[in-house]
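# Observations on the three-dimensional arrangement
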Amino acid sequence: MTREDMLKEILSLKGSNWLLELATGTGKSKMAIEKVRSKVTNNFNTLVVVPRNVHKQNWDAEFKKWWPKHPLSITYTTYVSFPKYKGKWDFVIFDECHHLSERCREALCDFDISHSVLLSATVSKNLKDELKEVFDNLVSYKKDLRDVIEEEILPDPKVYLWPLELNTKFPTES
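One structure accompanies this document, and this report is about it. (Residues numbered from 1 in each chain as written. Predicted model: local features only at pLDDT ≥ 70, side-chain atom pairs only at ≥ 80, totals over all residues. Heavy atoms only, no water.)

On to the overall build of the protein chain. Counting its secondary structure elements, the protein chain contains six helices and six strands. What you see in the protein chain, going N to C, is helices and strands ordered as α-β-α-β-α-β-β-α-β-α-β-α. Reported as C-alpha extents along the three principal axes, the dimensions of the protein chain are approximately 65 × 40 × 30 Å. Relative to its full complement of 174 residues, the protein chain shows a buried share of 41%. Taking the contacts inside the protein chain whose residues are at least 6 apart along the sequence as the reference set, 73% of them involve residues at least 24 apart. Here the protein chain holds 26 positive side-chain charges and 26 negative ones, and the gap between their average locations is 5 Å. (Helix = DSSP H or I, 4+ residues; strand = E, 2+ residues; numbered from the N terminus. Buried < 20%, exposed > 50% of the residue type's maximum accessible area, 1.4 Å probe, protein only. Contact = heavy atoms within 4.5 Å. Lys, Arg positive; Asp, Glu negative; His and termini not counted. Charge placed at Lys NZ, Arg CZ, Asp CG, Glu CD.)

Next comes the structure, spelled out in structure tokens:
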């Protein structure tokens, strides 16, 4: 399997709410952008929700890289400010969706979202169950680190051992 094969599988997912549980380094943001791209028919208003402000610039760079002439009206916000953006959205991308707190999930009642993509490498079973309650017909796609290494999407990790000597003159624990 290649990244392109994985992208084809993701693009073929039905529904309007997708949870992409992909290992770090597999290209989650590109996959989300391509999923948006596959659904766009006109000037969609899109909200990208990130854990920290610095990630807004990263997403802006990703859109410029993977879809330079996109017809989207993109708004960026953090999970802390998310409830302030209630209203109608054609697309919402939840980056690192494991940061979608109970407060944010409650705020979703004030949103009218046509399509949503939730991205994370680490979604607990409890959170996944809660997300299924909040997002109608949530379609999940998962590739963990072992999967993507075995399928040669990512290389085997290199482990470096650094020999260290502990200083016994200054113990930190008694």
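Back to the text.
Attention shifts here to the packing of aromatic side chains. On inspection of all chains with the given rule, the structure shows six aromatic pairs. With a centroid separation of 6.0 Å and 45° between ring planes, the pair formed by W59 and F63 is classed as tilted. Remark: F63 and W59 occur in helix α3 (residues 54-66); sequence separation between them is four residues, near one turn of the helix. Residue classification places F63 among the buried residues on the basis of a relative accessible area of 0%. Relative to F135, the ring of F94 lies with its centre 5.6 Å away and its plane at 70°, an arrangement referred to as edge-to-face. In this pair, F94 sits in strand β4 (residues 87-94) while F135 sits in the loop between α5 (125-134) and β6 (139-143), placing the two residues 41 residues apart along the sequence. Here the guanidinium or amino end of K35 rests over the ring plane of W18, the centre of that ring lying 4.4 Å away. (Phe/Tyr/Trp six-rings, centres within 6.5 Å; stacked < 30°, edge-to-face > 60°. Lys NZ or Arg CZ within 6 Å of the ring centre and 35° of its normal.)

With that out of the way, let us pick up the packing of helix α2 (residues 28-39) against α3. Where α2 meets α3, the closest approach of the two axes is 10 Å, and the angle between their N-to-C directions is 60°. Here α2 is positioned oblique relative to α3, judged by the angle of their axes. Handedness of the α2/α3 crossing: right-handed. The residues of α3 that touch α2, namely those facing S29, K30, A32, I33, E34 and R37, are W59, E62, F63 and W66. Its residues assigned to classes, the contact of α2 with α3 shows five nonpolar, one polar and four charged. (Axes fitted to C-alpha atoms, helices over the stretch in contact; angles between N-to-C directions. Parallel < 35°, antiparallel > 145°, perpendicular 65-115°, else oblique. Left-handed = near helix turned anticlockwise from the far one by under 90°. Nonpolar A, V, L, I, M, F, W, Y, C, P; charged D, E, K, R; others polar.)

Attention now moves to the pattern of salt bridges. Across all of its chains, the model carries seven salt bridges by this definition. With a closest N to O distance of 3.7 Å, E34 and R37 form a salt bridge. Of this pair, E34 and R37 both sit in helix α2, three residues apart, which is roughly one turn of the helix. Looking at E34, the relative accessible area reads 14%, which means it is buried. Look at R37 and you get partly exposed, because its relative accessible area is 36%. (Salt bridge = Lys/Arg side-chain N within 4 Å of Asp/Glu carboxyl O.)

A separate point is the nonpolar core. Core analysis: the biggest nonpolar cluster contains 30 residues, and I10, L20, W59, F63 and I93 have the highest contact counts within it. Here the element with the most residues in this core is α2; it accounts for four residues. Setting aside its immediate chain neighbours within four residues, W59 contacts S29, A32, I33, V48, V50, Y76, I93, D95 and L119. Listed in part, the 21 residues of the second largest apolar core include Y79, L131, F135 and L138. (Core = buried A, V, L, I, M, F, W, Y, C linked by side-chain atoms within 4.5 Å.)

For the rest of this paragraph, the subject is the side chain of D95. Of note, D95 is situated in the loop between β4 and α4 (102-107). Notably, D95 is buried but unbridged: the nearest opposite-charge side chain belongs to K28, and the N-O separation is 6.7 Å. Sequence-distant contacts of D95, defined by excluding residues within four places in its chain, comprise V49, V50, P51, H55, W59, Y79 and L119.

Together, Y160, W162 and L164 make up a nonpolar patch on the protein surface, roughly 510 Å² of accessible area in all. Following the sequence through the fold, Y160 ends up in the segment after α6 (145-150). (Patch = residues over 30% accessible without salt bridge, like charges linked within 9 Å, V, L, I, M, F, W, Y side chains within 5 Å. Areas by Shrake-Rupley, 256 points an atom, 1.4 Å probe, with all protein chains shown as cover.)

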